[in-house]
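The primary structure of each chain is shown beneath.
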Amino acid sequence: MDRWHKQKTMRIMDVMRVLLVLSLLLVSGPGPLPFLSAPTSALPIPMKLGAIYLVVAATSSLSQFFNPSTKVLLRCIVPEGKLTRAFALTTGSAMVAWSLGSALAGIFYAYLGVSSAITLNAASFICSWLLIRSMHVSEPAESLVVQKERLHHVFKELWEGLRYIEENLLLRTLLRAESLLAFGLGIINTLALI
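Keep in mind the model is a prediction, meaning the values are calculated, not measured.

Draft legend 1. Layout of the nonpolar core. Ranked by size, the top nonpolar core spans 9 residues in total: V18, V21, L24, I52, V55, V56, I118, A122 and F125. Of all elements in the fold, only helix 1 (6-28), helix 2 (45-77) and helix 4 (114-134) reach the threshold of two or more residues within this core. The next biggest cluster of nonpolar side chains, apart from the first, holds 7 residues, and it includes M10, M13, L73 and V137.

Draft legend 2. Expanded view of the packing of aromatic side chains. Inspection of the entire model under this criterion finds 1 aromatic pair. Their ring planes at 50° and their centres at 6.5 Å tell us that Y53 and F183 sit as a pair that is tilted. With a gap of 130 residues between them, Y53 in helix 2 and F183 in helix 7 (residues 169-193) connect regions that are remote in the sequence. Accessibility expressed as a relative area gives 35% for Y53, which makes it partly exposed. If you follow R17 out to its NZ or CZ, it ends over the ring of F66, 4.3 Å from the centre.

Draft legend 3. Main features of a nonpolar patch on the surface. Side chains of V96, L100, L104, I107, F108, Y111, L112 and L120 sit close together on the surface and give an oily, nonpolar patch of about 780 Å² of accessible area. Within the secondary structure, Y111 sits in helix 3 (residues 83-112). Overall, Y111 belongs to the exposed group, its relative accessible area being 70%.

Draft legend 4. Spatial organisation of the side chain of D14. You can see D14 is positioned in helix 1. For D14, a relative accessible area of 0% gives the class buried. Within the structure, the side chain of D14 is placed 2.8 Å from the side chain of R17, a separation counted as a polar contact. Not counting residues up to four positions away in its chain, the partners in contact with D14 are F66, F125, S128, W129 and I132.

Draft legend 5. A look at the packing of helix 1 against helix 4. Close contact between helix 1 and helix 4 brings their axes to 9 Å; oriented N to C, the two are set at 170°. Considering their axes alone, helix 1 and helix 4 lie roughly antiparallel with respect to each other. Mapping the contact onto sequence places Q7, M10, R11, D14, V15, R17, V18, V21, L22, L24, L25 and S28 in helix 1 and V114, S115, I118, T119, N121, A122, F125, I126, S128, W129, I132 and R133 in helix 4.

Draft legend 6. Here's a closer look at the packing of helix 1 against helix 2. Between helix 1 and helix 2, the least distance of the axes is 9 Å, while the angle of their chain directions is 165°. For the element pair helix 1 / helix 2, the angle class is roughly antiparallel. As helix 1 packs across helix 2, the resulting crossing turns out to be left-handed.

Draft legend 7. A look at helix 4. In a regular helix each residue adds 1.5 Å, so 21 residues correspond to 30 Å; helix 4 covers 31 Å between its end C-alpha atoms and thus fits that length. Those residues of helix 4 that sit buried are A117, I118, N121, A122, F125, S128 and I132. One side of helix 4 carries all its buried residues, which in axial view fall inside an arc of 140°. Exposed and facing more than 90 degrees away from the buried side of helix 4 are L131 and R133.

Draft legend 8. Main features of the pattern of salt bridges. One pass over the full model with this rule turns up 3 salt bridges. Between D14 and R17 there is a salt bridge, and its shortest N-O distance comes to 2.8 Å. Taken together, the residues span about one helical turn, with D14 and R17 both in helix 1 at a distance of 3 residues. Among the salt bridges present, the one from R172 reaches E166, with a minimum N-O distance of 4.0 Å. A cluster of three or more residues bridged by salt bridges with shared partners is formed by E166, R172 and R176.

Draft legend 9. The side chain of Q7, seen in detail. Mapped onto the elements of the fold, Q7 is located in helix 1. According to the relative accessible area criterion, Q7 is buried, its value standing at 5%. In terms of polar contacts, Q7 uses its side chain to reach the backbone carbonyl oxygen of M135, at 3.1 Å.

What counts as what
Residues numbered from 1 in each chain as written. Predicted model: local features only at pLDDT ≥ 70, side-chain atom pairs only at ≥ 80, totals over all residues. Heavy atoms only, no water. Core = buried A, V, L, I, M, F, W, Y, C linked by side-chain atoms within 4.5 Å. Buried < 20%, exposed > 50% of the residue type's maximum accessible area, 1.4 Å probe, protein only. Helix = DSSP H or I, 4+ residues; strand = E, 2+ residues; numbered from the N terminus. Phe/Tyr/Trp six-rings, centres within 6.5 Å; stacked < 30°, edge-to-face > 60°. Lys NZ or Arg CZ within 6 Å of the ring centre and 35° of its normal. Patch = residues over 30% accessible without salt bridge, like charges linked within 9 Å, V, L, I, M, F, W, Y side chains within 5 Å. Areas by Shrake-Rupley, 256 points an atom, 1.4 Å probe, with all protein chains shown as cover. Salt bridge = Lys/Arg side-chain N within 4 Å of Asp/Glu carboxyl O. Polar contact = N/O pair within 3.5 Å; in protein donor to acceptor, adjacent residues only side chain to side chain. Contact = heavy atoms within 4.5 Å. Axes fitted to C-alpha atoms, helices over the stretch in contact; angles between N-to-C directions. Parallel < 35°, antiparallel > 145°, perpendicular 65-115°, else oblique. Left-handed = near helix turned anticlockwise from the far one by under 90°. Expected span 1.5 Å × (residues − 1). Arc of directions from axis to C-beta.

Put into structure tokens, the structure is as follows:
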């Protein structure tokens, strides 16, 4: 992933997260699903929860590509002497936004309904996509050259990285712990909005 174009990676992850979050509208019940004759409100709770958990797992997985790209892109934008402050401000802003977003989600859910809350969540990813698209950042030239040469090897590189992690006990443990944490945070984020 370190050879991928960061802004493009972030935009792709935002688009995929918009689509995933909007897919929750099918489960929340605004209308019938195309492959079922009964409305989604008639779906059994385990099916609804299963769909929600799948969306949570997928959006959490996509965040594992988005968040590191953010940190690397910050290094391209901010001068070396101001990086510590920039990272602190970024982390602090993210925590404040997460706290406010979780609090406002309940209010939106109560007053606007589940469909509106889901739509607002998707809109936040659209806003992120627009802001990232508006940035004009030059990534290092060698990164772009390598990225063009190896674009078609993405899955091969991911597989090699996972094999390397699986062979290393410390990395394997860290990956599993981080995955559980990300999944748990994803559940909190998703359930806070529906």
